Amino acid sequence: VTILGKKGGDTADNAVDGAKSSPTAGHGGLSNPRPLLDEARITALKNAMSQAHFRAAFDCIPHESARILNQIKAAIARGDLDGTRRGAHSLNGMAANIGAERLAALARDIEVGSPTIEAASGRLAHLEQVLEETCVVVAEIA
Amino acid sequence: VGLSKHVTCGEGSLRLSTLLSVSDKESEETAHGPSGETSGRGTRALRVLVVEDNPVNHAFTTAILSNAGHRCDVVENGAKAVAAVQATVYDIVLMDIHMPEMDGIEATRRIRRLGGPVSRIPIIALTADVVAGQRDDFDTVGMDGYIIKPLDPKILLSTIDGIACKSRTENELEIRTTRAPRS
């Protein structure tokens, strides 16, 4: 299999909300938060599609992210670590695709950095908070 | 069939191990598109099956491809992808890996076992992470390549262009071979 793509580089200088990230900021922690939205990513998406398509896609984000968050909450409530990780994986992928770097990092923390359901549960409130903040910025862009 | 070659076309570079057509008539259609359409990038428009369970992800993927002149259909799991490729002729499948009901690995395995031209359709994995073991899985089930999420529009389109270029080149080669006078 030939590698056709690679993960995007650090684009913190283009952070929409002015926050800075660093190559070592591999998590969504508060000490060195990643940007809510990566402006370079947003620009690339805007340039690759019509305005109508861009709006339509962005309009899906609040509903879909809320749906996945509810999946994660439900999985945590029933002590289902695999289900929690699947939900976090889905949220991570979606967030990364739209350039929601902080949300993606937090979701990834739950997906791969939470060895127990308690650890995942401990990150839930922060995830929910960042998801809300991300949706506010998304609504402004869309 | 079964030929493995590395094809470079424009920005795209990929290895493919399949031939898309089996007859001159089908070759002509594949080389020029059923209606002779071209994409907005000068390459022929392709019919793409996007297999992705997340509505936001497939909205962006199809928007990028549609804007470039390609035609897209979307299904949300592997089982529906296996059914879709048997019902419609696609030029390429973009296959998410983690999906409910049937994942992309199993769907690819089943498509490759269908037999006939449909089993040789190019399948590109869409994946968030690629570790060594996963690359082996992609190879084992017969995927033709992978694109790492988040999707870069340029990489996505260059990959599609590479498929279009590859199918045209191989079909033209096949036509010439078929029509070459015997010595």
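Note that the structure is predicted; figures quoted are calculated from it, not measured. Sequence order as written defines residue numbering, which begins from 1 separately in each chain. Chains and ligands are labelled by the order in which they are written, letters from A for the one and numbers from 1 for the other. Totals for whole chains, interfaces and linings use every residue, but because this is a predicted model, local features are given only for residues with pLDDT of at least 70 and side-chain atom pairs only at 80 or more, for both listing and counting. Hydrogens and water are ignored here; the side-chain numbers use all heavy atoms of the structure.

J.: Describe the packing of aromatic side chains, listing the residues and the values that go with them.
T.: Centre distance within 6.5 Å is the pairing criterion for rings of Phe, Tyr and Trp, where only the six-membered ring of Trp is used; planes under 30 degrees apart are then read as stacked, over 60 as edge-to-face, and the remainder as tilted. Applying the stated criterion across every chain yields a total of 4 aromatic pairs over all chains. Consider the rings of Phe54 of chain A and Phe60 of chain B, whose centres lie 6.5 Å apart with planes at 70°: the pair is edge-to-face. Linking Phe54 of chain A in helix α2 (residues 51-77) with Phe60 of chain B in helix α2 (residues 55-67), this pair reaches from one chain into another. By the burial criterion, Phe54 of chain A is buried, and Phe60 of chain B matches it. One aromatic cluster is present, formed by Phe54 and Phe58 of chain A together with Phe60 of chain B through successive ring pairs. Going along the chain from the N terminus, every DSSP run of H or I of four or more residues is numbered as a helix, and every run of E of two or more is numbered as a strand. Under the scheme applied here, a residue whose accessible area is under 20% of the maximum for its type counts as buried, over 50% as exposed, and between as partly exposed, the area being computed with a 1.4 Å probe on protein chains only.

J.: Hey, could you go over α2 of chain B for me, with residue numbers and the actual values?
T.: Residues and elements named next belong to chain B. Here, expected helix span is obtained from the residue count minus one, scaled by 1.5 Å. Counted at 1.5 Å a residue, the expected span for α2 with its 13 residues is 18 Å, and the 18 Å between its end C-alpha atoms agrees. Residues Val56, Asn57, Ala59, Phe60, Thr61, Thr62, Ala63, Ile64 and Leu65 constitute the buried set of α2. A distance of 2.9 Å separates the backbone nitrogen of Val56 from a side-chain oxygen at the start of α2, and that oxygen is part of Asn54. Just past α2, the residue Gly69 takes up positive phi, approximately 100°. Polar contact criterion, stated in full: a pair of N or O atoms within 3.5 Å, where within protein one must be able to donate a hydrogen and the other to accept it, and residues adjacent in sequence count only if both atoms are side-chain atoms.

J.: Explain the interface of chain B and chain A to me, and be specific about the residues and the numbers.
T.: Across the contact, 33 residues belong to chain B and 29 residues belong to chain A. Two parts placed together each lose some accessible area; with a 1.4 Å probe, that loss summed over both constitutes the buried area. Between chain B and chain A, roughly 2,700 Å² of surface is buried when both sides are summed, and carbon and sulfur atoms account for 63% of that area. A pair is scored as a salt bridge if a Lys or Arg side-chain nitrogen falls within 4 Å of a carboxyl oxygen belonging to Asp or Glu. Linking chain B to chain A there are 0 salt bridges. When grouped by side-chain class, the residues that make up the side of chain B that touches chain A number 18 nonpolar, 9 polar and 6 charged. We call two residues contacting when some pair of their heavy atoms lies within 4.5 Å. In this classification, the charged set is Asp, Glu, Lys and Arg, the nonpolar set is Ala, Val, Leu, Ile, Met, Phe, Trp, Tyr, Cys and Pro, and all remaining amino acids, among them Gly, are polar.

J.: An account of the pattern of salt bridges is requested, with residue identities and associated values reported.
T.: Residue and element names in this part refer to chain A. Scanning all chains against the criterion turns up 11 salt bridges over all chains. For Arg67, the salt bridge is made with Glu64, and the minimal N-O distance between the two is 2.4 Å. Of this pair, Arg67 and Glu64 are both found in helix α2, 3 residues apart, which corresponds to roughly one turn of the helix. The partly exposed category is assigned to Arg67, whose relative accessible area is 33%.

J.: Explain the environment of Ala128 of chain B to me, using residue names and the numbers behind them.
T.: Within the fold, Ala128 of chain B resides in the loop between β6 (123-127) and α5 (132-141). Along the primary structure Ala128 of chain B and Pro150 of chain B are separated by 22 residues, whereas in three dimensions their C-alpha atoms are 6.9 Å apart.

J.: Describe the confidence of the model for chain B, listing the residues and the values that go with them.
T.: The predicted structure's coordinates, where accompanied by low pLDDT, should not be read in detail. Residues and elements named next belong to chain B. The predictor rates its confidence in each residue with pLDDT, a number between 0 and 100. Here chain B shows a mean pLDDT of 75. Residues at 70 or above account for 64%. Overall, residues 1-35 carries pLDDT values under 50, and its contacts beyond four positions in sequence, including any with other chains, amount to 89 contacts. Scoring of the predicted complex yields 0.74 for pTM and 0.75 for ipTM.

J.: Break down the packing of helix α3 (residues 81-97) of chain A against helix α4 (residues 101-112) of chain A for me, with residues and values.
T.: All names here are of chain A. Interaxial angle, 0 to 180 degrees, is taken between N-to-C directions of lines fitted to C-alpha atoms, where a helix line uses only the stretch in contact. Put simply, α3 and α4 touch, their axes get as near as 8 Å, and they point 160° apart. On the basis of the axis angle, α3 is roughly antiparallel to α4. Viewed along their axes, α3 and α4 form a crossing whose handedness is left-handed. Contacts from Thr84, Arg85, Ala88, His89, Leu91, Asn92, Ala95 and Ala96 in α3 reach Leu103, Ala104, Ala107, Arg108, Ile110 and Glu111 in α4. Among the residues forming the contact of α3 with α4, the class breakdown is 8 nonpolar, 3 polar and 3 charged. Roughly parallel here means an angle under 35 degrees, roughly antiparallel means over 145, roughly perpendicular means 65 to 115, and every remaining angle is called oblique. When the near helix sits turned anticlockwise from the far one by under a right angle, the crossing is termed left-handed; a clockwise turn instead gives a right-handed crossing.

J.: I'd like a rundown of the side chain of His70 of chain B, residues and numbers included.
T.: Residues and elements named next belong to chain B. Along the chain, the position of His70 falls in the loop between α2 and β4 (71-75). His70 gets classed as buried once you look at its relative accessible area, which sits at 3%. Looking at His70, its side chain comes within polar contact range of the main-chain nitrogen of Leu46, at 2.9 Å.

J.: Quick rundown of unusual backbone geometry? Include the residues and the values.
T.: Residue and element names in this part refer to chain B. The omega angle of the peptide bond from Lys149 to Pro150 is 0°, so this bond is cis rather than trans. By secondary structure assignment, the location of Pro150 is in the loop between β7 (145-148) and α6 (153-179). Here Glu101, not a glycine, exhibits a phi torsion of approximately 70°, which is positive. Note that Glu101 resides in the loop between β5 (92-96) and α4 (104-112). Glu101 sits in the exposed class, given a relative accessible area of 74%.

J.: Describe the packing of α2 of chain A against α3 of chain A, naming the residues involved and giving the relevant values.
T.: All names here are of chain A. Where α2 meets α3, the closest approach of the two axes is 8 Å, and the angle between their N-to-C directions is 160°. Accordingly, the angle class assigned to the pair α2 and α3 is roughly antiparallel. Judged by the sense of rotation from one axis to the other, the crossing of α2 with α3 is left-handed. Of α3, the residues touching α2 (which contributes Ile61, Glu64, Ser65, Ile68, Gln71, Ile72, Ala75 and Ile76) are Gly83, Thr84, Gly87, Ala88, Ser90, Leu91 and Met94. Class assignment for the residues of the contact of α2 with α3 results in 8 nonpolar, 6 polar and 1 charged.

J.: Tell me about helix α3 (residues 78-87) of chain B, residues and numbers included.
T.: Given 3.6 residues per helical turn, the α-helix brings residues three or four places apart onto the same face. Residue and element names in this part refer to chain B. Of the positions making up α3, those classed as buried are Gly78, Ala81, Val82, Ala84 and Val85. Burial along α3 is one-sided: seen end-on, the buried residues are contained in an arc of 165°. Among the exposed residues of α3, those oriented more than 90 degrees off its buried face are Gln86 and Ala87. Each element contacted by the buried residues of α3 is listed here: β3 (47-51), β4, β5 and α4. The distance from a side-chain oxygen at the start of α3 to the backbone nitrogen of Ala79 is 3.0 Å, and the residue carrying that oxygen is Asn77. Directions are taken from the helix axis to each C-beta atom, and the arc is the one they span.

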